[in-house]
Amino acid sequence: MGSLSVEERQEEQKDEMEECRSIERARWLLDSPEPPSLWHELVGSIRSTFKSSSSSSNHTSTRRALSFLQTFFPILSWGRNYKASKFKNDLMAGLTLASLSIPQSIGYANLAKLDPQFGLYTSVVPPLIYALMGTSREIAIGPVAVVSLLLSAMVQKIEDPVADPIAYRKLVFTVTFFAGTFQAMFGFLRFGFLVDFLSHAALVGFMAGAAIVIGLQQLKGLLGLSHFTNNTDIVSVVKSVSGSMHPPWYPLNFVIGCSFLIFLLFARFIGRRNKKLFWFPAMAPLVSVILSTLIVYLTKADKHGVQIVKHIKGGLNPSSAHQLQLSGQHVGEAAKIGLITALVALTEAIAVGRSFASIKDYHLEGNKEMIAMGFMNIAGSLSSCYVATGSFSRTAVNFSAGCETVVSNIVMAITVLVSLELFTRLLYYTPIAILASIILSALPGLIDIKEAYRIWKVEKLDFLACIGAFFGVLFVSVEIGLLVAVSISFAKVLVYSIRPGVEAVGRLPRTDMFCEISQYPMAVQIPGILTLRINSALLCFANANFIRERIVRWAIQDEHKGMVQAVVVDMSNVMNIDTSGLIAMEELQRELIASGNGIQVT
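All of the points below concern the structure found in this document. (Residues numbered from 1 in each chain as written. Predicted model: local features only at pLDDT ≥ 70, side-chain atom pairs only at ≥ 80, totals over all residues. Heavy atoms only, no water.)

## Points about the environment of Leu539
Positionally, Leu539 belongs in strand 6 (residues 538-539). For Leu539, a relative accessible area of 0% puts it in the buried group. Contacts of Leu539, omitting those with residues within four sequence positions, involve Ala544, Ile547, Met571, Val574, Asn576, Ile577, Asp578, Gly581 and Met585. (Helix = DSSP H or I, 4+ residues; strand = E, 2+ residues; numbered from the N terminus. Buried < 20%, exposed > 50% of the residue type's maximum accessible area, 1.4 Å probe, protein only. Contact = heavy atoms within 4.5 Å.)

Dropping the structure here:
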C-alpha cells in the first residue's frame, strides 16, 4: 500500500506540473508581450546598416568612430592589408579596363544624347567614389547601354536634346541627382526588396528588348543618317531608316562601321574561345578607334560625307551643381525618371556584383552597395556625370584581367582623367560609325536566349513576364516594357496569394512522409481521414474565404462517398494568420460539424 501511495503521489505531482505548464502556456499565449513598434523597427534597421561586427560596449569613442568610418568606407578596413603584389594586378586590370572604357563611354554618351565628354566624365568621379564606399572587388563602374537608353528615351519627352541641348543636359543631371538620392535612401532604410520588383525573368526580357532597341538606335551612326526619329519602338525606327535612305546618303559610313564591327565581333569570338586572350577583345575597341581615326584623317574621308565626332571638350570634370533643377515645372517628372533609373541601375549592378562575388566566394552587402551607388551618383550629378552603374561586360574584363580590389577602378578613372587632359584633341576625326560599331559589338551579351528557354521550361508565368517586357520595350517604349514586366510579376504574386493551392496529401508507402497526391500518385490516404495542406504562407482576408470554400468542397465531395469522418488541415506552411483567417477557420469547423455527418476538423 505504501508503494501504491508513493506512485499515486508521483502521479498527482506529474498532473500538477502538467497543469502548471498548461496554465503558463496559456498565460504566454493570451497575454503575450506587445511586438516592437514600426518606428522602433525602422530605427533599428538603420542602425544595423552601419553596425560593425567588431564593435563592443567597452570601445572608446575614438575606436567607435573609426569602426563606423570603416563600415561606411570599407577601403579603410582592407586598405591596411593592401600589398604591392595586389597593386601590380590591379594596375594591369585598370589599364585594360580603361582601354575598353574610353571608347565605350564616348559611345554611351552618344546613346544618351549627350556630348562625348560627359561619358568620359562619368568614368572618372563615380568609380572613385565607389572605390571608397563599395564592397564589390570586381565590379567596373561607369556608363552602361541600358541606363543610357532609358535616360534618353524618357528625358527627351520633356526636353528636346536637339532643340535645347542645355536644358536637356540640366534635366539629365537633375535625374541623376534624384537617382542617387533614391539609391542612398533605399540603402539607409534597408529597402533592398524594392530591387526584387524587377524579377529575374522580367530583367532577362527587358535586357533583350533593350539590346535590340539600342542596336536599332545605332543605325543612325552606322548608316550616317542625318534625320532620325526620337522614338525607340521598332516600327518608328524602321520607318525612319527607310525614309532616310535617299540621296544625299554616304555609304562610306556604313563601310567603315561594318568593317570594324566584323573585327570587334571576331575579337569577341577569339576572347570567348581562349580565356588567356581576354585582353584581345578588351583592347579591340580602342584599337578600332585609333585605326579608324587615322584612316579618316589620312584619307580626308570627312570631306566625303563620313560623320566625325569633332570637338571633345577636355579637362577635369566641371561642376554642375548650379545646373540642378530642384524646383520648377519638371521636378516631379525628373524625380519619377530618377526613381525608375535608380531601380534599373541598382538591379543591374547588384546582379553583376553578386555574380562575381559568388565566384570569389565572398558576400556582397546589398544595402551598403545601394548607399555606395547612391553617393557616387549624387557626387556625379554635381560633377557633370549622368547615372553610372556596374557594367557586366567591363566587369568581366576586369575579372579576367586579374583584378584583386576596387583599386582597378581607381586606376581606370585616373587613366580616363589623363586622357581627358591630354588626348581628347586626337579624337577629332573619330568617325561616328565606329562608336556605333563598339556599342553594337557589346549587345550580344545582353541577349540570353538559353536563359529565356530555361524560364519557359521552369515557370510559364515567369516566361509571360519575360516576353511581356521584351515586346513592351520593342514595340512601345522602354518605360512601358518595364511597367508590363512589373505588372505581370505583381499579378503572379497576387494570384498565388489570393488563390493558393489546397491539396490532398497522403503517406508515401513504407515511410512517415506525407506528400501531395497530385504530385505523388502512389501516396496513400488514411481511410476515413481527409488530410489537406494549405500551400500559402498567409491566411488572411484576401484568401481566407477561398481556402474555406475549397476545404468544404473537398470534404463534401468525399463525404458523399461515405469516406470522411475527420478533416485534418496541415497548416505547417502558414506563417501568418489575421482575424479574417481565424474567423474563416471557425466558420469551416461549424459548417462541417453542421453538415450532420459527424465530420471533425483538426
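## Some words on the packing of aromatic side chains
Scanning all chains against the criterion turns up 17 aromatic pairs. Each member of the aromatic cluster is reached from another via a ring pair, and the members are Phe72, Phe73, Phe188 and Phe375. One cation-aromatic arrangement involves Arg137 over Tyr362; the distance from NZ or CZ to the ring centre is 4.0 Å. It is Lys460 that lies over the ring of Trp456; its NZ or CZ is 4.7 Å from the centre. (Phe/Tyr/Trp six-rings, centres within 6.5 Å; stacked < 30°, edge-to-face > 60°. Lys NZ or Arg CZ within 6 Å of the ring centre and 35° of its normal.)

## Topic: the layout of surface pockets
Empty pockets left among the atoms are what a rolling probe the size of a water molecule brings to light. What the second largest pocket holds in volume is close to 930 Å³. Along its surface, the second largest pocket is lined by 32 residues, and Asn110, Lys113, Leu114, Val162 and Lys220 are the ones closest to its centre. Secondary-structure elements contributing two or more residues to the lining of the second largest pocket are helix 5 (84-111), helix 6 (116-122), helix 9 (165-188), helix 11 (219-223) and helix 19 (432-442). By residue number, the principal contributor to the lining of the second largest pocket is helix 5, which donates four residues. (1 Å grid on protein atoms, 1.4 Å probe; cavity = no way out; pocket = protein on both sides within 12 Å on 5 of 7 lines; lining within 4 Å. Points joined across faces, edges and corners; volume = space filled by probe spheres on them.)

## What about the pattern of salt bridges?
Oppositely charged side chains may form a pair once their charged atoms are brought near each other. By the definition in use, this model includes nine salt bridges. Arg533 is paired through a salt bridge with Asp570; the nearest N and O atoms lie 3.0 Å apart. Taken together, the residues span a long stretch of sequence, with Arg533 in strand 5 (residues 529-535) and Asp570 in strand 7 (residues 566-570) at a distance of 37 residues. Comparing Arg533 with Asp570 shows no difference in burial state: the two are buried. (Salt bridge = Lys/Arg side-chain N within 4 Å of Asp/Glu carboxyl O.)

## A word on the nonpolar core
Membership of the largest hydrophobic core comes to 109 residues, with the highest contact counts inside it found for Tyr130, Leu151, Val155, Phe206 and Met373. Looking at this core, the element that brings in the most residues is helix 15 (residues 331-360), giving eleven residues. Setting aside chain neighbours within four positions, we find Tyr130 in contact with Thr135, Ser136, Ile139, Ile141, Glu369, Ala372, Met373, Met376 and Val406. Core analysis: the next-biggest nonpolar cluster, separate from the first, contains 20 residues, Ala544, Ile551, Val564 and Ala584 among them. (Core = buried A, V, L, I, M, F, W, Y, C linked by side-chain atoms within 4.5 Å.)

## Description of the packing of helix 5 against helix 17 (residues 392-400)
Here helix 5 crosses helix 17 at 165°, and the two axes come no closer than 9 Å. One way to sum up the angle between helix 5 and helix 17 is to call them roughly antiparallel. For the crossing formed where helix 5 meets helix 17, the hand is right-handed. Contacts between helix 5 and helix 17 pair Ala93, Thr96, Leu97, Leu100, Ser101, Gln104 and Tyr108 from the former with Ser393, Arg394, Val397 and Asn398 from the latter. (Axes fitted to C-alpha atoms, helices over the stretch in contact; angles between N-to-C directions. Parallel < 35°, antiparallel > 145°, perpendicular 65-115°, else oblique. Left-handed = near helix turned anticlockwise from the far one by under 90°.)

## What about the side chain of Ser383?
Structurally, Ser383 is set in the loop between helix 16 (366-381) and strand 2 (389-391). Residue Ser383 is classed as buried on the basis of its relative accessible area, which comes to 10%. Once you skip the residues sitting within four places of it in the chain, Ser383 turns out to touch Tyr121, Val125, Asn317, Pro318 and Ser320.

## Here's the deal with helix 5
For helix 5, spanning 28 residues, the distance from its first C-alpha to its last is 39 Å, which sits close to the expected 40 Å at 1.5 Å a residue. At Ser101, helix 5 shows its maximal kink, close to 30°; a proline, Pro103, follows between one and four residues later. Positive backbone phi, approximately 60°, marks Lys113, located one or two places after helix 5. (Expected span 1.5 Å × (residues − 1). Bend = angle between axes of the 7 residues up to and from the residue.)

## A word on a negative patch on the surface
On the surface, Glu8, Glu11, Glu12, Asp15, Glu16 and Glu19 cluster together into a patch of negative charge. Position of Glu16 relative to the elements: it lies in helix 1 (residues 2-30). (Patch = residues over 30% accessible without salt bridge, like charges linked within 9 Å, V, L, I, M, F, W, Y side chains within 5 Å. Areas by Shrake-Rupley, 256 points an atom, 1.4 Å probe, with all protein chains shown as cover. Lys, Arg positive; Asp, Glu negative; His and termini not counted. Charge placed at Lys NZ, Arg CZ, Asp CG, Glu CD.)

## Details of helix 21 (residues 460-475)
With 16 residues, helix 21 should cover 22 Å at 1.5 Å per step; its first-to-last C-alpha distance of 22 Å lies within 8% of that length. Looking only at helix 21, the buried set comprises Ala465, Cys466, Gly468, Ala469, Phe470, Gly472, Val473 and Leu474. Of the surrounding elements, those touching the buried residues of helix 21 are helix 10 (200-217), helix 12 (234-244), helix 20 (449-458) and helix 22 (478-498). Capping the start of helix 21, Glu459 holds a side-chain oxygen 3.3 Å from the backbone nitrogen of Leu461, two or three residues further along. (Polar contact = N/O pair within 3.5 Å; in protein donor to acceptor, adjacent residues only side chain to side chain.)

## Things to note about the environment of Ile141
Looking at where Ile141 falls in the secondary structure, it is placed in strand 1 (residues 140-142). Along the backbone, Ile141 and Met412 are 271 residues apart, and their C-alpha atoms lie at a distance of 9.6 Å. Ignoring any residue separated from it by four or fewer positions in sequence, one finds Ile141 in contact with Pro126, Pro127, Tyr130, Met373, Met376, Ala388, Thr389, Gly390, Arg394, Asn409 and Met412.

## Points about the pairing of strand 7
Among the five residues that make up strand 7, four are buried, leaving the element largely enclosed by the rest of the structure. Strand direction decides the pairing type here: strand 5 and strand 7, joined by five bridges, are parallel. Note on strand 7: the bridge partner recorded for Thr531 is Val568. (Pairing = 2+ DSSP bridges.)

## Concerning the packing of helix 20 against helix 21
Close contact between helix 20 and helix 21 brings their axes to 6 Å; oriented N to C, the two are set at 145°. Like other packed secondary-structure pairs, helix 20 and helix 21 cross with a definite hand, here left-handed. Here helix 20 contributes Ala452, Ile455, Trp456, Lys457 and Val458 to the contact with helix 21, which in turn contributes Lys460, Asp462, Phe463 and Cys466. A class-by-class count of the residues in the contact of helix 20 with helix 21 yields six nonpolar, no polar and three charged. (Nonpolar A, V, L, I, M, F, W, Y, C, P; charged D, E, K, R; others polar.)

## Regarding the side chain of Thr347
Topologically, Thr347 is positioned in helix 15. In this structure Thr347 comes out as buried when scored by relative accessible area, which is 6%. A polar atom in the side chain of Thr347 sits 2.7 Å from the backbone oxygen of Leu343. The contacts of Thr347, once residues within four sequence positions are left out, are Val195, Leu198 and Leu203.

## Concerning unusual backbone geometry
In the Ramachandran plot, Lys310 falls in the positive-phi region, its phi being about 70° despite a non-glycine side chain. By the element assignment, Lys310 lies in the loop between helix 14 (279-299) and helix 15. One non-glycine residue, Ser384, adopts positive backbone phi at about 65°. Within the secondary structure, Ser384 is located in the loop between helix 16 and strand 2. By relative accessible area, which is 2% here, Ser384 ends up buried.

Take it as geometry only, folks, not as evidence of what the structure does.
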